[in-house]
Amino acid sequence: MRRHAPAVARNRQPILDVLRQHLPAEGLVLEVASGSGEHVMHFAAALPSLVFQPSDPNADARASIDDWARETGLANVRPAVALDAEAAAWPVGTANVVLCCNMIHISPWAAATGLIAGAARVLPADGLLYLYGPYRRGGRHTAPSNEAFDRDLRRRNPAWGVRDLEDVAASARDNGFGAPEIVEMPANNLSLIFRRA
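These remarks concern the structure in this document. (Residues numbered from 1 in each chain as written. Predicted model: local features only at pLDDT ≥ 70, side-chain atom pairs only at ≥ 80, totals over all residues. Heavy atoms only, no water.)

Digging into the side chain of Ser64
Right, so step 1: In this structure, Ser64 sits in helix 3 (residues 59-72).
Right, so step 2: The class for Ser64 is buried, based on a relative accessible area of 0%.
Right, so step 3: What Ser64 contacts, discounting residues up to four positions off in sequence, is Met1, Arg2, Arg3 and Ser36. (Helix = DSSP H or I, 4+ residues; strand = E, 2+ residues; numbered from the N terminus. Buried < 20%, exposed > 50% of the residue type's maximum accessible area, 1.4 Å probe, protein only. Contact = heavy atoms within 4.5 Å.)

Structure (structure tokens):
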């Protein structure tokens, strides 16, 4: 049941390097759209003082996550829960961190705004929302490869696509987050770090 996402092997360590600089020493990290579960296992293995709650709306993805957890034997990874980012209520009521990698561009815009609103509901003051993926800046793609990726996404589903960083930041601001710290990442991706005001 374990799934493998080839990109995870390339990006998990650079993401972890950024997370190490921003995550609290302890607490609960809620990962939204955990996918195969490979990211959360890597982070949990490296950060044993934190508890990780993976989630995904897809039952096959949750089975993969839980299978990875059994395989790795990590005690700080909870069983995966069904979580729809657009839902008005989430199955996790509070978290110290909300983490989401590579979801916003492969989902409707309502999922992105739902993710941000949901993070605002569950995070305490100064809680952290971390987003990773490709973004447009100033209405422009940051690389030809991202432009081609955006075309492919929109061909597959017109509701998908690489989002404008400014639109994501505006939605975050409307939900009580400060301006993002932006970290350039490999392969023309960005890390966005938001704090609850």
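Continuing now.
Quick word on the side chain of Ser55
Right, so step 1: With respect to the helices and strands, Ser55 occurs in the loop between strand 2 (50-54) and helix 3.
Right, so step 2: Its relative accessible area of 0% is what places Ser55 among the buried residues.
Right, so step 3: In this structure, Ser55 is in contact with Leu30, Glu31, Val32, Ala33, Ser34, Ile65, Val81 and Leu83, ignoring residues within four places of it in sequence.

A look at the nonpolar core
Right, so step 1: Core analysis: the biggest nonpolar cluster contains 31 residues, and Val32, Val98, Leu115, Leu129, Leu131, Phe177 and Phe194 have the highest contact counts within it.
Right, so step 2: For this core, the elements supplying multiple residues, two or more each, are strand 1 (27-31), strand 3 (97-101), helix 4 (109-122), strand 4 (128-133), helix 6 (165-174) and strand 8 (189-195).
Right, so step 3: At seven residues, helix 4 tops the list of elements feeding residues into this core.
Right, so step 4: Contact partners of Leu115, with chain neighbours within four places excluded, come to Val32, Ala85, Trp90, Val98, Cys100, Met103, Ile104 and Leu131. (Core = buried A, V, L, I, M, F, W, Y, C linked by side-chain atoms within 4.5 Å.)

Some remarks on the pairing of strand 4
Right, so step 1: Of all six residues in strand 4, six are buried; the element is thus mostly enclosed.
Right, so step 2: Along strand 4, one buried face is formed by Leu128, Tyr130 and Tyr132 and the opposite face, lined by Leu129, Leu131 and Gly133, is buried too.
Right, so step 3: Across five bridges, the pairing between strand 3 and strand 4 is parallel. Of the residues in strand 4, the one forming a bridge with Leu99 is Tyr130.
Right, so step 4: Of the crossover connections in this fold, the one passing from strand 3 over helix 4 to the parallel strand 4 is right-handed. (Pairing = 2+ DSSP bridges. Right-handed = clockwise from strand over helix to strand, strands pointing away.)

Thoughts on the sheet that holds strand 4
Right, so step 1: As summarised here, the arrangement of the six strands in space is 2-1-3-4-8-7, forming an open sheet in which the pairing is mixed. Both outer strands of the open sheet, strand 2 and strand 7 (181-185), are each paired with one neighbouring strand and no more. Each strand of the sheet is rotated relative to its neighbour by a mean of 20 degrees, with strand direction disregarded.
Right, so step 2: Packed onto the sheet, helix 2 (residues 38-46) meets strand 1, strand 2 and strand 3 and runs at close to 175 degrees relative to strand 2. (Axes fitted to C-alpha atoms, helices over the stretch in contact; angles between N-to-C directions.)

Some thoughts on helix 4
Right, so step 1: The end-to-end C-alpha distance of helix 4 is 20 Å, a good match for the 20 Å that 14 residues give at a rise of 1.5 Å each.
Right, so step 2: Those residues of helix 4 that sit buried are Ala111, Ala112, Gly114, Leu115, Ile116, Gly118, Ala119, Ala120 and Val122.
Right, so step 3: On its buried side, helix 4 packs onto strand 3, strand 4 and helix 6. (Expected span 1.5 Å × (residues − 1).)

A few points about the packing of aromatic side chains
Right, so step 1: Here the structure, examined in full by the defined rule, presents one aromatic pair.
Right, so step 2: Taken together, a centroid distance of 6.3 Å and an interplanar angle of 70 degrees make the contact between Phe177 and Phe194 edge-to-face. On the criterion of sequence distance, the pair formed by Phe177 in the loop between helix 6 and strand 7 and Phe194 in strand 8 is long-range, its members being 17 residues apart. There is no split in this pair, since Phe177 and Phe194 are both buried.
Right, so step 3: The cationic tip of Arg121 hangs over the ring face of Trp90; the distance from NZ or CZ to the ring centre is 5.6 Å. (Phe/Tyr/Trp six-rings, centres within 6.5 Å; stacked < 30°, edge-to-face > 60°. Lys NZ or Arg CZ within 6 Å of the ring centre and 35° of its normal.)

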